[in-house]
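Survey of secondary and tertiary structure
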Amino acid sequence: HSCSYEKLVEKTALRWSPSEITKDAFTNYSETNIIVHYSEGALFKRLYSEDGWSFVLMYSNIVIEPAIVINPVNFVNKPVYGWIQDKG
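As a convention, each chain's residues are numbered from 1 in the sequence order in which they are written. Reporting in this predicted model follows two pLDDT cut-offs: at least 70 for local features of residues, and 80 or more for side-chain atom pairs to be given and counted; totals over whole chains, interfaces and linings ignore these cut-offs and use all residues. As a convention, hydrogens and water are excluded, and side-chain values are obtained from all of the structure's heavy atoms.

For the rest of this paragraph, the subject is the nonpolar core. Each nonpolar core is a collection of buried residues, namely Ala, Val, Leu, Ile, Met, Phe, Trp, Tyr and Cys, held together in the definition by side-chain atoms within 4.5 Å. Between buried and exposed lies partly exposed: a residue is buried under 20% and exposed over 50% of the maximum accessible area for its type, with that area taken using a 1.4 Å probe on protein chains only. Grouped together as the largest cluster of nonpolar side chains are 13 residues, with contacts concentrated most on Leu8, Leu14, Val36, Tyr38 and Met58. Runs of H or I in DSSP of at least four residues are treated as helices and runs of E of at least two as strands, each being numbered from the N terminus. Listing elements by their share of this core, those giving two or more residues are strand 3 (34–38), strand 5 (53–58) and strand 6 (80–85). Here the element with the most residues in this core is strand 3; it accounts for three residues. Contacts between residues were defined by any pair of non-hydrogen atoms, one from each residue, lying within 4.5 Å. Not counting chain neighbours up to four residues away, the residues in contact with Met58 comprise Leu8, Leu14, Tyr38, Ala42, Leu43, Phe44, Lys78, Pro79 and Val80.

Right, let's talk about the pattern of salt bridges for a bit. In the sections that follow, a salt bridge refers to a side-chain nitrogen of Lys or Arg positioned within 4 Å of a carboxyl oxygen of Asp or Glu. Evaluated as defined, the whole model comprises five salt bridges. With its nearest N and O atoms 3.7 Å apart, the salt bridge here joins Asp24 to Lys23. According to the relative accessible area criterion, Asp24 is partly exposed, its value standing at 42%. Residue Lys23 is classed as exposed on the basis of its relative accessible area, which comes to 60%. The closest approach of N and O atoms between Asp86 and Arg46, which form a salt bridge, is 2.9 Å. Of the two residues, Asp86 is situated in the segment after strand 6 and Arg46 in strand 4 (residues 43–50); the sequence distance between them amounts to 40 residues. With a relative accessible area of 30%, Asp86 lands in the partly exposed category. Classification of Arg46 as partly exposed rests on a relative accessible area of 27%. Connected through salt bridges with shared partners, the residues Glu6, Arg46 and Asp86 form a single ionic network.

This is the structure we're talking about:
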């Protein structure tokens, strides 16, 4: 993978799988497969890409908002792996 960092151009959902799940993603826990959101300008490294999705390591600009999967406050200064949908 690349040694360079990229920046998000808009607020983006980080997901645990490379698809948009909107119902029963994790039965009795979460309707969607969204881990958390990252704001515009967030730094990340693209580790793998396939079919319009990229597996990334996010480094900054986590959005502090209610989230079911993780508590964003606990990840302000910690990298998080997940999938983002490629724009374009």
